[in-house]
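Geometric and topological summary
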Amino acid sequence: MVGRVEGKVAFITGAARGQGRSHAVRLAQEGADIIAVDVCKPVSGTDQIPPSTPDDLAETADLVKGLGRRIVTAQVDVRDFDALHAAVGSGVEQLGRLDIVVANAGIGNGGETLDQLGEQDWNTMIDINLSGVWKTVKAAVPPLLSGGAGGSIILTSSVGGLKAYPHTGHYIAAKHGVVGLMRTFAVELGRHSIRVNSVHPTNVNTPMFMNEGTMKMFRPDLENPGVADFEPVAQFMHVLPVGWVEPVDISNAVLFLASDEARYVTGLPMTVDAGSTLK
């Protein structure tokens, strides 16, 4: 089956690399044009994760163009509603419509228990991973409504939005909050035939997970752990015998939720977690 989102336009945040880039490419493969934004610079409090860059966003654009689809890009921080609003408006003006929203941008860090967590770390996490999702949808709803054809909104949460893990409480709180946003938006926008769902990945093979800081968090007993050291520990989180999944595994879920195959699916927290929520 091809062309599952043919002729539609998708707005994707955090699209410079990782899951966001994968979503842009996968939707383009199935016929969508893309509005892609990313902060493309370091974010305070995430020093262990190499930041996305303008070159990364340009590479995403090249990949989408290579599939014969159109793409509009902008460097945007999801904490900045005015910039999000402008990016969506410019993209819709150039591409003609908006049908799909993928609020994917987010950060990850950890290490402290909640009672020891610094206020700045808490605020940054909530501002990006929760408020940034709300601002993304808020910016996108007007063109969805004016299009009059309904739409699909997909919010990126996490298995951490359905269960708790220690030493990442601010992340857990934000991702649980995303589920609340999803369900409320689904109830409020349903009368306009706008569906709202969330995806809940486990560990994903992207720079946000595959980095020195994460490896040390999984293997604090080792001074310089590598992939082979923390893969068995990561695998222990799952029912299926894998330590992590690939970005395209999440993109396939996003594609389904964006497509007409999911035309009556709304308010769903969809896991792509190798069985993590069963443990």
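Everything below is about the structure shown above.
To keep things clear, this report deals only with the structure shown in the data block. (Residues numbered from 1 in each chain as written. Predicted model: local features only at pLDDT ≥ 70, side-chain atom pairs only at ≥ 80, totals over all residues. Heavy atoms only, no water.)

A short note on the nonpolar core
Most often, soluble globular proteins keep nonpolar side chains buried together rather than apart. With 42 residues, the main nonpolar core has F11, L98, I153, L155 and V196 as its most contacted residues. Looking at this core element by element, the count peaks at ten residues for helix α5 (residues 169-189). When neighbours within four sequence positions are excluded, I153 is seen to be in contact with V101, V137, L144, L189, I194, R195, V196 and N197. In this structure, A32, A61, V245 and L255 belong to the second largest nonpolar core, which totals 30 residues. (Core = buried A, V, L, I, M, F, W, Y, C linked by side-chain atoms within 4.5 Å. Buried < 20%, exposed > 50% of the residue type's maximum accessible area, 1.4 Å probe, protein only. Helix = DSSP H or I, 4+ residues; strand = E, 2+ residues; numbered from the N terminus. Contact = heavy atoms within 4.5 Å.)

Comments concerning the pattern of salt bridges
Summed over the entire model, instances satisfying the criterion amount to nine salt bridges. In this structure, R4 engages E261 in a salt bridge whose closest nitrogen and oxygen atoms are separated by 2.7 Å. Linking R4 in the segment before β1 (9-13) with E261 in the loop between α8 (247-258) and β7 (269-272), this pair joins segments that are 257 residues apart in sequence. For E261, a relative accessible area of 39% translates into the label partly exposed. D33 is the salt-bridge partner of R69, the closest N and O atoms lying 3.2 Å from each other. Of this pair, R69 sits in the loop between α2 (54-66) and β3 (71-75) while D33 sits in strand β2 (residues 33-38); the two residues are 36 residues apart in sequence, bridging distant segments of the chain. Counted as one network, the salt bridges with shared partners bring together E6, D33, R69 and R70. (Salt bridge = Lys/Arg side-chain N within 4 Å of Asp/Glu carboxyl O.)

What about the sheet that holds β1?
With parallel pairing, the seven strands of this open sheet are ordered in space as β3-β2-β1-β4-β5-β6-β7. Only two strands of the sheet have a single neighbouring strand rather than two, namely β3 and β7. Strand-to-strand twist in this sheet, taken as the mean axis angle between neighbours without regard to direction, amounts to 15 degrees. With four bridges joining them, strand β6 (residues 194-201) and β7 adopt parallel strand pairing. Note on β7: the bridge partner recorded for H200 is T271. Its contacts with the sheet place helix α3 (residues 81-95) against β1, β2 and β3, and it is angled at close to 160 degrees to β2. (Pairing = 2+ DSSP bridges. Axes fitted to C-alpha atoms, helices over the stretch in contact; angles between N-to-C directions.)

Describing a nonpolar patch on the surface
Together, V239, L240, V242 and L278 give the surface a local cluster of nonpolar side chains, amounting to about 380 Å² of exposed area. With respect to the helices and strands, the residue L240 is situated in the loop between α7 (227-235) and α8. The class for L240 is partly exposed, based on a relative accessible area of 49%. (Patch = residues over 30% accessible without salt bridge, like charges linked within 9 Å, V, L, I, M, F, W, Y side chains within 5 Å. Areas by Shrake-Rupley, 256 points an atom, 1.4 Å probe, with all protein chains shown as cover.)

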